[in-house]
Every structure is written in C-alpha cells, then in structure tokens.
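What the coordinates show
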Amino acid sequence: DTGVSQDPRHKITKRGQNVTFRCDPISEHNRLYWYRQTLGQGPEFLTYFQNEAQLEKSRLLSDRFSAERPKGSFSTLEIQRTEQGDSAMYLCASSFGGNTEAFFGQGTRLTVV
Amino acid sequence: KQEVTQIPAALSVPEGENLVLNCSFTDSAIYNLQWFRQDPGKGLTSLLLIQSSQREQTSGRLNASLDKSSGRSTLYIAASQPGDSATYLCAVRGARGGADGLTFGKGTHLIIQP
C-alpha cells in the first residue's frame, strides 16, 4: 500500500464552476477525513467518515460542499459554484479508529480564478 | 473551543544545533497529540504520535514530550540538518463530545542553514 492518494494534485477552475476531488485512503483504514488549508495556516477540519457514514461536518462546510464515501473505500469532495475564497489546499487523511495515527495525502491545490 | 498555538512562528539556525519547538493547547481533554512535517506545497508527514497517557515518544533524532495537565508539548530535534527544513505542525485530537478531527496550530517554519 502506498499511503493516502489524492487526485488531482492541482486544479484551476473558473469561478462558478463545479469541481470534484478524490481521495483513496490506506486500504485497512475505516476513518477518512477532509481538511482545508490556506496559506500560512494549519489545516482546518471539514468532515469525516467512519466507513461509509458521514459522522460529522464542520461549520466551515457550506451547503456548496458535499462529500461522499459510497462503499467505505474512496471518498469524493465536491464544491459547487466555486468562489475565489475556496482557493486552498484540500487534504485527505485516514486512520484506523479514532485514536490512532492519522496519515495524510499530498493534497489537491485548488485555484479559483 | 480547542485552540493550538505554536511558538516560534519561524526559526532559522545553523546546521548541527539542537532545537526545541513548542506547542500549547487550551483544552487538556485530549486523546492524543501528533507532530507533522510539511514541505512547501506538499501534504503532511506524520512524525510522532503521543497518546494522552504517555509522556514522550522518540523517533531517531526527534523526541516529543507531552504535559497534558499544563497543555504543552515540545518537539526536540537533535543535531539539525538542512534536510530538516520544513514547517512543523502540532495537532491535538479532542476528547470532548463533538469534533473528532484534529485541531492544528499554524506551524513553525524551520530553516536549517548549511
């Protein structure tokens, strides 16, 4: 297993377009997390899944954001009607259970122009 | 609401020095604390995980300590090398009901001068 994988690595989109990112966690990990990181800041929690169930959403996750993990394996994060303020690095992490080491992917850098 | 602070925000030292990065958190009800390294434009690499019942963890030249009651952790880097240059992030997983994700500090930007 090569760790947490995210695709694409970079995405440039025009304001108002929809974008979708994919995350493939470490295969035996049942928990999957999404974070957002802006320049000079630490990552901020967006949402997490335990298997296929989305158990928590941050107040940062507006109604333009939706995340799925349909079979408890990979996850997608969709942003509808993108805004310039959505420009950030979107990071995915996975872990086995809630009290173990979290492993992060390389992130997807989103630029909204 | 949990808040994590990292001091200093930036640090530049000559190669070979031992150094200490500091992390403090406001709510001592945590499950664990994790230190990460982040290279520019990249994701996070896990360095050390300390459970709330532990006092320290070591990996190679890195040693992390945890004083949960005072809300503090330190990351000690021995014999620093230019390859250690990166941003170091501290994160805690809270034990109170609600947010299960990690709460991060803003990081310490470390430069090791050759």
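Residues numbered from 1 in each chain as written. Chains lettered and ligands numbered in written order. Predicted model: local features only at pLDDT ≥ 70, side-chain atom pairs only at ≥ 80, totals over all residues. Heavy atoms only, no water.

By size, the foremost hydrophobic cluster in this structure holds 23 residues, and its most contacted members are L33, W35, L75, I77 and Y88 of chain B. Elements that contribute at least two residues to this core include exactly β3 (19–25), β4 (30–38), β5 (44–51), β7 (62–67), β8 (72–77), β9 (86–94) and β11 (108–113) of chain B. In terms of nonpolar packing, the next biggest core, distinct from the first, is built from 19 residues, V19, A67, A88 and L110 of chain A among them. (Core = buried A, V, L, I, M, F, W, Y, C linked by side-chain atoms within 4.5 Å. Buried < 20%, exposed > 50% of the residue type's maximum accessible area, 1.4 Å probe, protein only. Helix = DSSP H or I, 4+ residues; strand = E, 2+ residues; numbered from the N terminus.)

In this section: the interface of chain B and chain A. Contacts between the two partners involve 23 residues from chain B, matched on the other side by 23 residues from chain A. A buried area of about 1800 Å², summed over both sides, lies between chain B and chain A, and 45% of it is on carbon and sulfur atoms. Run the count over chain B and chain A and you get zero salt bridges. Every element with two or more residues in the side of chain B that touches chain A is listed here: β4, β5, β9 and β10 (102–104) of chain B. It is β4 of chain B that contributes the most residues to the side of chain B that touches chain A, five residues altogether. Across the side of chain B that touches chain A, the residue classes tally to eight nonpolar, 10 polar and five charged. (Contact = heavy atoms within 4.5 Å. Buried area = accessible area lost by both parts, 1.4 Å probe. Salt bridge = Lys/Arg side-chain N within 4 Å of Asp/Glu carboxyl O. Nonpolar A, V, L, I, M, F, W, Y, C, P; charged D, E, K, R; others polar.)

Before going further, it helps to examine the sheet that holds strand β8 (residues 75–79) of chain A. Sheet strands line up and pair through hydrogen bonds in the backbone, either parallel or antiparallel. All names here are of chain A. If you trace the four strands from one edge of the open sheet to the other, you get β1-β3-β8-β7, paired in antiparallel fashion. Every other strand in the sheet has two partners, leaving β1 (5–7) and β7 (65–68) as the edge strands with one partner each. Neighbour to neighbour, the strand axes of the sheet diverge by 15° on average, direction disregarded. Direction of pairing for strand β3 (residues 19–24) relative to β8: antiparallel, over a ladder of five bridges. (Pairing = 2+ DSSP bridges. Axes fitted to C-alpha atoms, helices over the stretch in contact; angles between N-to-C directions.)

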